[in-house]
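# Overview (structure and organization)
Now for the letters of each chain:
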Amino acid sequence: MMADPLRLGVNIDHVATLRNARGGALPDPVRAAVIAEQAGADGITAHLREDRRHIRDADMAAIKGAISIPLNFELAATDEMQAIALATQPHAVCVVPERREERTTEGGLEVAADQNRLSHFIAPLRDAGSRVSLFIAPEPAQIEAAAQIGAPVVEFHCGAYCDFDSDGDIAARDAEFARLSDGAKRAADLGLEVHMGHGLNYQNVTPIAALPEVVELNIGHFLIGEALFIGLPAALAEMRRLMDAARA
Ligand code: PXP
């Protein structure tokens, strides 16, 4: 039996990283979003970081205005970001942990120890009509806490699995994969929609895409890097082909 097709969310943050390297307007992340939509992306994801190191405030509104597929707005749980998201009214909001000194989002959100604050943070976003997801490690305590505070979606940080070298410790990699697979089952049992993201590429996407509970993958850095060599439509098409094949 064929499982439902997987959605592909394309994260365009690093087009903005490249733009900001020279301080001008090019390459334009809005153009990347439009091209990704034309090439079959199911959604566009962008992370407005507190330090604005890639996406900026004006980008978010411009992206939303330029695309007709869903915008997934990644943000830290701060008052400032909540206000911007409420003004932007994206289709989806993904709450991520953020540390200023990190190179990228390094771990999952601490939901279990911060339930009260996070439930107050997500309630107005949910009431405004955004689908809220929490970016967490695939740990039972975090999954259960996400369900308890009423988040309809969890996105698992799959970096601990994806970042393994092919010649690295296979047993440790398999243990990470089992955590993702068990976590996906647990989340689905609790009625949560399951997404995954971080570090996905052509080499590691197949086992993740084959997990039947997973409905969406969010992929950025690899696709934008690959686009430099073969173009964004071709990079997306190859990722889509691998995802569909894994699902068949
Ligand atoms: N999902 C979330 C919540 C993220 O924060 C990121 C970027 O860190 C991604 C997916 C995409 O990760 P990558 O750029 O490694 O594909």
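Everything in this summary refers to the structure shown in the same document. Quantities reported herein were computed from a predicted structural model and do not represent experimental measurements.

### So, helix 6 (residues 140–148)
Those residues of helix 6 lying buried are Gln142, Ile143, Ala145 and Ala146. Angularly, the buried residues of helix 6 cover 165° about the axis, an arc narrow enough to put them on a single face. Exposed residues on helix 6 whose side chains face more than 90 degrees from its buried face are Pro140 and Gln148. Elements that come into contact with the buried residues of helix 6 comprise helix 5 (115–127), strand 5 (131–136), strand 6 (153–157) and helix 8 (170–189). Directly after helix 6, the chain includes glycine 150, whose backbone phi takes a positive value near 85°.

### What to know about the site of the ligand
Around the ligand sit 14 residues in total, of which Glu74, Glu155, Gly199, Gly220 and His221 are the nearest. A distance of 2.8 Å separates an oxygen atom of the ligand from a polar backbone atom of glycine 220. Among the residues making up the shell around the ligand, the classes are represented as four nonpolar, eight polar and two charged.

### Structural notes on the packing of aromatic side chains
One pass over the structure, following the stated rule, counts two aromatic pairs. Arranged with centres 5.3 Å apart and planes meeting at 50°, the rings of tyrosine 161 and phenylalanine 177 form a pair that is tilted. Pair noted here: tyrosine 161 is in helix 7 (residues 159–162) and phenylalanine 177 is in helix 8, with a separation of 16 residues, a long-range link. Their ring planes at 75° and their centres at 4.7 Å tell us that tyrosine 202 and phenylalanine 222 sit as a pair that is edge-to-face. A residue pair is termed long-range when its members are at least 10 positions apart, and tyrosine 202 in the loop between strand 7 (193–197) and helix 9 (205–209) and phenylalanine 222 in helix 10 (residues 221–230) qualify at 20 residues. For tyrosine 202, a relative accessible area of 16% puts it in the buried group.

### Description of unusual backbone geometry
Note on backbone geometry: most residues besides glycine have negative phi, and most peptide bonds are trans. Across the junction of leucine 26 and proline 27, the peptide omega takes the value -5°, indicating a cis bond. With respect to the secondary-structure elements, proline 27 resides in the loop between helix 1 (13–22) and helix 2 (29–38). With a phi angle near 50°, glutamine 89 is a residue other than glycine that sits in the positive phi range. In this structure, glutamine 89 sits in the loop between helix 4 (79–88) and strand 4 (92–95). A positive phi angle, near 110°, is found at histidine 198, a position not held by glycine. Tracing the sequence through the fold places histidine 198 in the loop between strand 7 and helix 9.

### Looking at helix 2
Counting along an α-helix, one turn takes 3.6 residues, and residues three or four places apart therefore face a common direction. Restricting attention to buried positions, one finds in helix 2 the residues Pro29, Val30, Ala32, Ala33 and Ala36. In a view along the axis of helix 2, the buried residues occupy a sector of 160°, so they form one face of it. Opposite its buried face, helix 2 presents the exposed residues Arg31 and Gln38, each directed more than 90 degrees away. Buried residues along helix 2 sit against strand 1 (7–11), helix 1, strand 2 (43–47), helix 3 (57–66) and helix 11 (232–247). If you check the start of helix 2, you find a side-chain oxygen 2.9 Å away from the backbone N of valine 30, and it comes from aspartate 28. Downstream of helix 2 by one or two residues, glycine 40 has phi in the positive range, about 105°.

### Some remarks on the pairing of strand 8 (residues 214–219)
Burial within strand 8 is extensive, with five of its six residues counted as buried. Where strand 7 meets strand 8, four bridges bridge the pair, whose relative direction is parallel. The residue of strand 8 that forms the bridge with methionine 196 is leucine 217.

Thresholds, definitions, all that
Residues take numbers from 1 onward in each chain, read along the sequence in its written order. The predicted origin of the model limits local features to residues at a pLDDT of at least 70 and limits the giving and counting of side-chain atom pairs to 80 or more, whereas totals for whole chains, interfaces and linings rest on all residues. Water and hydrogen atoms play no part in the side-chain values, which are based on all heavy atoms of the structure. Burial classification: accessible surface area is computed with a 1.4 Å probe over protein chains only, and a residue below 20% of its type maximum counts as buried, one above 50% as exposed, and the rest as partly exposed. The helix count covers DSSP runs of H or I at least four residues long, the strand count covers runs of E at least two residues long, and both are numbered beginning at the N terminus. The directions considered for the arc are those from the helix axis to the C-beta atoms. By the convention used here, residues are in contact when the closest approach between their heavy atoms is within 4.5 Å. Near residues are defined by distance, with any heavy atom within 4 Å of the molecule or strand qualifying the residue. Residues adjacent in sequence count toward polar contacts only when both atoms are side-chain atoms; beyond that, a polar contact is any pair of N or O atoms within 3.5 Å, and within protein one must be able to donate a hydrogen and the other to accept it. When residues are grouped by polarity, Ala, Val, Leu, Ile, Met, Phe, Trp, Tyr, Cys and Pro land in nonpolar, Asp, Glu, Lys and Arg in charged, and all others, Gly among them, in polar. Side-chain rings of Phe, Tyr and Trp (the six-membered ring for Trp) are treated as a pair once their centres are within 6.5 Å; stacked means planes under 30 degrees apart, edge-to-face means over 60, and tilted covers the remaining angles. If DSSP finds at least two bridges between two strands, the strands pair.

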